[in-house]
Each structure stands twice: as C-alpha cells, then as structure tokens.
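Residues per chain are reported as follows:
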Amino acid sequence: MNRTYIILGAASGIAKAVSRSLASRGHDLILAGRSQEELNLLAKDLETRHQVQARILVFDASCRAEVTGLLEASTRLNDAQLVDGVILAYGVMFPQPETEANLDLLALTLEVNLVSSVLVLQAFANAFVTRGRGVIVGISSVAGDRGRGSNYHYGCSKAGLSAFLDGLRHRLHDKGVHVCTVKPGFVATPMTDGLVNPNSPLCARPDQVARDILRAIDRKTGRIYTLWVWRWIMMIIRSVPEFLFLRTKL
Amino acid sequence: MIALTERTLSGWGGYQPLSCSVAEPSSRGQLRRILDSQVEHPHVLARGLGRSYGDSAVCRGGTVLLQGNADRILSFDRATGLVRCEAGVTLADLIQVCLPRGWFLPTTPGTKFVTVGGAIAADVHGKNHHVDGTFGRWIRRLTLLLADGSERVCGPDQDGDLFWATVGGMGLTGYIVEAEIQMRPCTTAYFRVDYRRHRNLDATLAAMEETDSDYRYSVGWIDCLARGRHLGRSVLMLGNDARAEDLSAQQADHPFTVAPKNRKSVPIYFPNMALNRLSVSLFNEVYFAAHPDRSSIVDFDTYFYPLDSIHHWNRIYGRRGFVQYQALFPPGTAEKGLRAVLETLGRFGLASFLAVIKRSGPANPAPLSYLYPGYTLALDIPNVGERMLEMVRQLDKILLHEGGRLYLAKDSLMSEDTFRAMYPRRDEFLAVKRRVDPGNRFVSEQARRVGLIVTS
C-alpha cells in the first residue's frame, strides 16, 4: 500500500539510501533537511528513478521554532494528511576535542541530536496515537550504549535518544504505533568521512543499513543493530567491568 | 570542514599504487567550497569508479574528489530519451532507470561500473563505434565547475571548444557536475548475436571489413598466443538489437527484464605467476573450442558486460597488477601493425587473457578523443617488471612507425614524446586548458607524465 514517509535529515548518507528503498516500493516522500539545493536534487532523483512524489521541507534542527513546526508543515505539504511514518536520520558529530574545548559546539550536539529529535518525535507520536497508526524510526547509535572517553559527547546525546525511543515504544506498543530504534555501528557516510575505514568488515554501506531498516519496518522490530555484529560487540563493551573498562582506550 | 583521508589509489590495472589525499564531497555546497579554496586545494582531480587502467585518476599532492554522493539522476524524458544526471551516476544506474522504459545506452564500454563523468572524460567507446561513435557524441550539455570556482554550461552548440576539450579531456578542463545524455530507443533488452570463428589475422580483418556494415555491434576476441599460420585467430561476436519477435515466449513476456546474474568475486589477489603461458593458452584453447559458429539471443548483461559478473577480476593478475595496452592503427597499416604487435607478444610470451579487436569508425571533433577509422587491439599485460617494460617499448615503436595511437584511459607508461607524436591535436586541447585552467589546478599523474599541462 502506498504510504508517505517524512525523512528528517534527508540529505544524510543513510537517509538517501532509506529514501531510495522506500521509493522503490512506491512510497511517497517528504524530504526534510537544511539545504534546499540538496533536497531538490534528491527529490528529482527519487521522482526520476521511482516515479514517486517527493516533496521537500527546509528546516534547521538547531532552530527550536522550525523543529516544533515540522509536524504541521509536513501535514500541510501532504495534502492535509498526517504522514504515515517518520524517519529521523539527522545528527551532528564533531571531533570530541572540539566539543570539549568549545561548549557551544557541545550544546549544539545536544540540541540537534537530543533535544530537537525528542521534541519532533514526541509531536509525531502524539498525532500517531490519536490516529491509532504510525511508524517512528529513530536513528541512534551504538555510541549511546556506553559512554567512551573518546566519543562520550556524541554518545550521551545518542544515549538520551535511545532511552527516549525505548520509553516511547514501551508506552505505544499497544497503541498501533511502531517505534524502532536503529543503532548503526560504523557506516561509510559523509558524516564519518575520514573517521571510519570504509573497507573494514565492521563498516556498513548505507544501502546495507537501509535494507536492515526496511526489514525492521516490515517486521515491526523494536531495536536493531546494523550491521548485526554490533549487537554482540556492544554487549561485550557494555559488560566489561568498570575497573577494566577504565584501563582501555576506546 | 572537509575531511581529507589518505588512501592508496591506483587505476584498475593496479599498477604502481600511490598514496593520495581523498575527499568525497557530501553536497554541491561542499564541492563548491573545495573548488573555491585554491590555497587549501591547489590541485584537484575528479575520480569516478577508478576503471581507467593507469594513472589517469590519481594525483600526488592534490585532492582526489570522489563521486559517491553525486549519483542523482535529475530527469528522464521517456518521450525523447534525454536523461540529465550528476557525473557520479553509473552506466548501471542509467540502464536500470531507462531500459524498462525502452531506452538503452547510446554506446557502452565493456563494464557498466563506470560513472557518466568518467565515460565523458575518457570518451569511451563500445562495440558499436563504427556505427554510433563514442559516448561524447551523445552528450547534449555539460555543467562544469572550472578551476576558478565558476560554473560553466557547454555543449556541442555552446562553447563547443570547451565542450569538445572536456570530452576525452581526462578531467583536465574542469569538474563535470551534470551531463545531459541522449539515450537510444530499444524494443527489448536482448541482442541477436552471431559468433564466427576465423583462423588467422587476414581472415579476421577481411571478415570485419566485409560484415561490419551488417551489424550494429562488432567485436572480436583474439588469441594472442596463437602463432605461425594461426597468428591472429579470433572469435568475432557480431550483434544487432533483437526485436520482440526474436525472443522466446518467456522472454517476450518481459522484454526489458533480465534476471540478475549470479555474481562471483575474486576474493584475493592471485599469486603473481598464476597466469603463465601454459594456463592462458589452455584458457584460450578452451575458449576457442567453446565458440563454434552459431547465432543466439543474448541479454545485454551477457553480451556487453561478461566481466561484470566477476567482481575484482583484476586481482587475477596478482598484486603487482597489470597494464592494459590498446593500440589503434589506421586502415593502411593495420594489418602490418597488428601482425607486428602479435608477433612481439608471442616472442615475449607474456600472457594476455583478454585481447579484443575492434574496427573503429570516424573520429569526432574532440582533440584528445582516441579513435579514428582503423583497427584497435586491446590487451592486458601482466606486470612482470623489466621484461614487460621492454615489450611495451617495442610495441610503442611499432605504433609510432605505423602511425598508430594509444588510449589515454588505458595507458600507464606512455612517454611525453610518444604522446605528442600520437596526438597531433594536443595543442588545440592545451589552448582550451590555458583559457580555463592556466594554473593546472586540474592535474593527474598521467597528465604530468605525458605533458598535458599548460606551460608558461
């Protein structure tokens, strides 16, 4: 059945792959993001490749008013219909030494990855509950599973997002709303360019992540790691006793 | 902030890898910022999927720009077959989008894993060159980012000098952002192919001369190890577009759908000496025996891209890699030149699996475009060090003597003098480059080697 999904942060590497997968199934899309130019290019690409409707919505996740207006704006764009699902795919990651030295950057990390994400998803969740149907996919990160000295600023923003999604799923599991937490490990995308080795067997391509996300939507899975091997890696990392963990360099 | 990573890059031949600074612009904005910052990025070079064989897409001391995010198809008019896309879109993408709607690539090289930008920069050709010319002939418009960061639109009818310098210009005139390509209408995804064996070079050339006008696609495989009276024995694969009535009932139900191939991969580099005279002549015997004269209906993947079903096939040549050598001879000296090349190959006994012969058609206006009417022979030469270099020197000598020419997209070794002799229109190209890129911001190792740079 033809649905409409809104992709928040549509220009990101993972979002592009997810959008293409959804469009290949005939779903219409609302692409929301910061750069009108990029969104326009992506919309044309989806329309050309898959003959779906792709509309664009420009917003800045660091601007509170634009974030809280997203639900209404997307409904307006979708011919006054509430969208069928929302996929949150935006996020920022600065090198940790920069966020340690510059608290404004740390605040921006929290504002974008946590505060704005929670606000916008809560708004959509409320509307979905009222309707009794909806899909919410939040792309969090394995970095939120345990704070690590090298990346705990980004990690704490994603830990907060993961906890929010856990709770939301708990509350909505019998309300017809599917909430899915996606925890990617290394993914070769523009955000991680230069930070991860794209040839590593632990590093996923965006289309692999997209495939996992679509499968999770189909099967109404609550939480996924992608690649799957990260579930086991993070289980080990979480279970290392603190006194040992402190001696590691992670 | 644009992340730069150091990566070891080479061409598809894997010959002499080089450490390069690499960036993958995530957006048009980021791309423009890179081109705007002359100081941080004094030299830049676009790289597609790295399918050129030599050092055309590597650059010491420069920023190599990858196209992974520039893969958007922006419009396709199914009435006219005109497609507009970014330079990082692959030919495989275009097939996927256009073929189900009745349009195929106007011409294609032997792999669909090349980008549109790369196909333009190398002005690639295919089995139908004698009928349809090169890829550049089907480009209606290009959007370039120039060395000074400005954007420029050109086409055959709009700043034609810049356009034709960019076609075949190996990425040295500017960064290709978008292209408009005229696709070709088709009624099925299949081809009617006639396989014809010929016992030696004379028979092969005579057959190509005689039958090429009957076929849109024509190419031959040559056994480089056959000697004496079998020198130049070949299997010609001659094709035309299949019509709906040529298909089996099952194929005709879905004339544009081809079942995806079971893809294999070469997971590791073969030991350096896995390919030797014995193993290759064995392969060639089997190949020759396996292709009796016959006709069949073949899907586009099987006909155009037999090697695409084997990932990383280049690894069979081992870690030292190989060089590819494509020689073009004008009709007058083709027979003599090809014979001398094959005899030299035989003398050195350097095994080449894939030797492909093709009769080429008229040249186009691009000063660096490779083909003119004649015969071209392409072969892989494993890198065995000095003996390989000595053989290539001898081959170069034959080409220079017979008025032949090498292909930049395949070349790893050509000297500046050889290049000048083979490309008499080099100065026309450099005049355009002087106009748009006087400081040689766009440069590759190959450009430095063969002297495709502006000198003051």
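Values in this document were obtained by computation on a predicted structure and should not be read as measured data.

1. A look at the overall build of chain A
Stage number 1. Looking only at helices and strands, chain A has 10 helices and 9 strands in total.
Stage number 2. Expected size for 250 residues packed as a compact globule is a radius of gyration near 18 Å; at 18 Å, chain A falls within 12% of this value.
Stage number 3. Over its C-alpha atoms, taken along the principal directions, chain A stretches across nearly 55 × 40 × 35 Å.
Stage number 4. The burial tally for chain A puts 54% of its 250 residues in the buried class.
Stage number 5. Contacts spanning at least 24 positions in sequence make up 69% of the contacts within chain A whose residues lie at least 6 apart.
Stage number 6. Counting only carbon and sulfur atoms, one obtains 56% of the accessible surface of chain A, whose full area is about 11,300 Å².

2. So, the overall build of chain B
Stage number 1. Along its length, chain B carries 14 helices and 21 strands.
Stage number 2. Radius of gyration (C-alpha) of chain B: 21 Å, near the 23 Å computed for a compact globule of 456 residues.
Stage number 3. Based on the C-alpha atoms only, the size of chain B along its principal axes is roughly 60 × 55 × 45 Å.
Stage number 4. Taken over 456 residues, chain B has a buried fraction of 61%.

3. Observations concerning the environment of L389 of chain B
Residues and elements named next belong to chain B.
Stage number 1. Residue position: L389 is located in helix α11 (residues 386-401).
Stage number 2. The exposure class of L389 is partly exposed, given its relative accessible area of 24%.
Stage number 3. Expressed as a C-alpha distance, the spacing of L389 and V323, which sit 66 residues apart in the sequence, is 9.9 Å.
Stage number 4. Once you skip the residues sitting within four places of it in the chain, L389 turns out to touch Y15 and L413.

4. What to know about the interface of chain A and chain B
Stage number 1. Each partner contributes residues to the interface: chain A has 15 residues there, and chain B has 24 residues.
Stage number 2. For the pair chain A and chain B, the two sides together bury roughly 1,600 Å², of which 45% comes from carbon and sulfur.
Stage number 3. At the junction of chain A with chain B, the criterion picks out 5 salt bridges.
Stage number 4. Residue D93 of chain B is joined to R49 of chain A by a salt bridge in which the shortest nitrogen-to-oxygen separation is 3.6 Å.
Stage number 5. Counting across the interface, chain A meets chain B through 12 residue pairs in polar contact (both at pLDDT 80 or more).
Stage number 6. Broken down by secondary-structure element, the contributors of at least two residues to the side of chain A that touches chain B are α1 (13-24) and α2 (36-50) of chain A.
Stage number 7. Residue contributions to the side of chain A that touches chain B peak at 8 residues, all from α2 of chain A.
Stage number 8. For the side of chain A that touches chain B, the residue count by class is 4 nonpolar, 3 polar and 8 charged.

5. A look at the domain arrangement of chain B
All names here are of chain B.
Stage number 1. You can read the domains of chain B as domain 1 (73-186) and domain 2 (191-416).
Stage number 2. Between the C-alpha centres of domain 1 and domain 2 the distance comes to 24 Å.
Stage number 3. Across the boundary between the two partners, domain 1 contributes 32 residues, which contact 33 residues of domain 2.
Stage number 4. Roughly 2,700 Å² of surface becomes buried between domain 1 and domain 2 when both sides are summed, with 61% attributable to carbon and sulfur atoms.
Stage number 5. Residues D308 and K112 are paired through a salt bridge, measuring 3.5 Å at the closest nitrogen-oxygen approach.
Stage number 6. Our enumeration of links across domain 1 and domain 2 arrives at 19 residue pairs in polar contact (both at pLDDT 80 or more).
Stage number 7. Those elements that place two or more of their residues in the side of domain 1 that touches domain 2 are α4 (129-132) and α5 (160-166).
Stage number 8. Considering every element that reaches the side of domain 1 that touches domain 2, the biggest residue donor is α4, with 4 residues.
Stage number 9. Looking at the side of domain 1 that touches domain 2 residue by residue, the class counts come to 15 nonpolar, 12 polar and 5 charged.

6. Structural notes on the sheet that holds strand β2 (residues 28-33) of chain A
All names here are of chain A.
Stage number 1. If you trace the 7 strands from one edge of the open sheet to the other, you get β3-β2-β1-β4-β5-β6-β9, paired in parallel fashion. One side of each edge strand has no neighbouring strand; the edge strands of this open sheet are β3 (54-58) and β9 (223-226). Each neighbouring strand pair of the sheet contributes to a mean axis angle of 15°, computed without reference to strand direction.
Stage number 2. As paired elements, strand β1 (residues 4-8) and β2 share 5 bridges and run parallel to each other. Within β2, the position partnered with I7 by the bridge is L31.
Stage number 3. On the sheet, helix α4 (residues 70-77) packs against β1, β2 and β3 and is oriented at approximately 150° with respect to β3.
Stage number 4. Sitting on the sheet, helix α7 (residues 152-172) is in contact with β4 (85-88), β5 (134-139), β6 (177-184) and β9, with an inclination near 155° to β6.

7. Looking at the nonpolar core
Stage number 1. Ranked by internal contacts, the top residues of the largest apolar core, which has 123 residues, are L94, F104, V116, F300, I381 and L452 of chain B.
Stage number 2. Of the residues that make up this core, three or more belong to each of domain 1 (73-186) and domain 2 (191-416) of chain B.
Stage number 3. Those residues in contact with L452 of chain B that sit more than four places away from it in its chain are L172, L368, L408, F419, F429, L430, K433 and A447 of chain B.
Stage number 4. Grouped together as the second largest cluster of nonpolar side chains are 40 residues, A23, I87, A89 and C180 of chain A included.

8. Let's talk about the state of the cysteines
Residues and elements named next belong to chain B.
Stage number 1. Following the criterion strictly, the structure yields 0 disulfides over all chains and no others.
Stage number 2. No disulfide involves C20; its sulfur sits 6.9 Å from that of C59, the nearest cysteine.
Stage number 3. With no disulfide of its own, C186 lies 9.5 Å from the sulfur of C98, the closest cysteine sulfur.

9. Digging into helix α9 (residues 229-239) of chain A
Residue and element names in this part refer to chain A.
Stage number 1. When α9 is considered as a whole, its buried residues turn out to be W230, M234 and I237. The buried side chains of α9 occupy one side of the element, clustering within an arc of 60° when seen end-on. Residues I236 and S239 are exposed on α9 and point more than 90 degrees away from its buried face.
Stage number 2. Looking at the buried residues of α9, the elements they touch are β7 (186-187), β9 and α10 (242-245).

10. Re the sheet that holds strand β6 (residues 82-86) of chain B
All names here are of chain B.
Stage number 1. Strands sit in the order β5-β6-β10-β8-β9 across an open sheet of 5 strands; the sheet is antiparallel. Both outer strands of the open sheet, β5 (73-77) and β9 (151-154), are each paired with one neighbouring strand and no more. Ignoring strand direction, the axes of neighbouring strands in this sheet form an average angle of 10°.
Stage number 2. Along the sheet, helix α2 (residues 91-98) makes contact with β5, β6 and β10 (175-182), crossing β5 at roughly 40°.

11. Thoughts on the packing of helix α6 (residues 201-211) of chain B against helix α10 (residues 331-348) of chain B
When two helices pack together, you describe them by how their axes are tilted relative to each other and by the distance separating the axes.
Residues and elements named next belong to chain B.
Stage number 1. With their axes 11 Å apart at the nearest point, α6 and α10 run at an angle of 140° to one another. The orientation of α6 with respect to α10, classified from their angle, is oblique. When you trace α6 past α10, the crossing you get is right-handed. Where α6 approaches α10, its residues L201, D202 and L205 are matched on the opposing element by E335, L338, R339 and L342.
Stage number 2. Per-class residue counts for the contact of α6 with α10 are 4 nonpolar, no polar and 3 charged.

12. Brief notes about the packing of aromatic side chains
Stage number 1. This structure, assessed with the given rule, holds 24 aromatic pairs over all chains.
Stage number 2. Judged by centre distance (5.0 Å) and plane angle (75°), the rings of F186 of chain A and W230 of chain A are edge-to-face. Residue F186 of chain A is found in strand β7, and its partner W230 of chain A is found in helix α9; the two are separated by 44 residues along the sequence.
Stage number 3. In this structure F186 of chain A comes out as partly exposed when scored by relative accessible area, which is 37%.
Stage number 4. Take W230 of chain A: its relative accessible area is 6%, and that puts it in the buried class.
Stage number 5. Relative to F322 of chain B, the ring of W313 of chain B has its centre 5.9 Å away and its plane inclined at 35°; by these criteria the two rings are tilted. Of the two residues examined, W313 of chain B and F322 of chain B, each falls in the buried class.
Stage number 6. An aromatic cluster is built from F104, F191, Y217, F300, Y303, F304 and Y305 of chain B, whose rings are joined through pairwise contacts.
Stage number 7. When the ring centre of W12 of chain B is taken as origin, the NZ or CZ atom of R51 of chain B, which lies over that ring, is 4.1 Å away.

Parameters at a glance
- Residues numbered from 1 in each chain as written.
- Chains lettered and ligands numbered in written order.
- Predicted model: local features only at pLDDT ≥ 70, side-chain atom pairs only at ≥ 80, totals over all residues.
- Heavy atoms only, no water.
- Helix = DSSP H or I, 4+ residues; strand = E, 2+ residues; numbered from the N terminus.
- Rg over C-alpha atoms; globule rule 2.2 N^0.38 Å.
- Buried < 20%, exposed > 50% of the residue type's maximum accessible area, 1.4 Å probe, protein only.
- Contact = heavy atoms within 4.5 Å.
- Areas by Shrake-Rupley, 256 points an atom, 1.4 Å probe, with all protein chains shown as cover.
- Buried area = accessible area lost by both parts, 1.4 Å probe.
- Salt bridge = Lys/Arg side-chain N within 4 Å of Asp/Glu carboxyl O.
- Polar contact = N/O pair within 3.5 Å; in protein donor to acceptor, adjacent residues only side chain to side chain.
- Nonpolar A, V, L, I, M, F, W, Y, C, P; charged D, E, K, R; others polar.
- Domains from an automatic or database assignment.
- Pairing = 2+ DSSP bridges.
- Axes fitted to C-alpha atoms, helices over the stretch in contact; angles between N-to-C directions.
- Core = buried A, V, L, I, M, F, W, Y, C linked by side-chain atoms within 4.5 Å.
- Disulfide = S-S within 2.5 Å.
- Arc of directions from axis to C-beta.
- Parallel < 35°, antiparallel > 145°, perpendicular 65-115°, else oblique.
- Left-handed = near helix turned anticlockwise from the far one by under 90°.
- Phe/Tyr/Trp six-rings, centres within 6.5 Å; stacked < 30°, edge-to-face > 60°.
- Lys NZ or Arg CZ within 6 Å of the ring centre and 35° of its normal.

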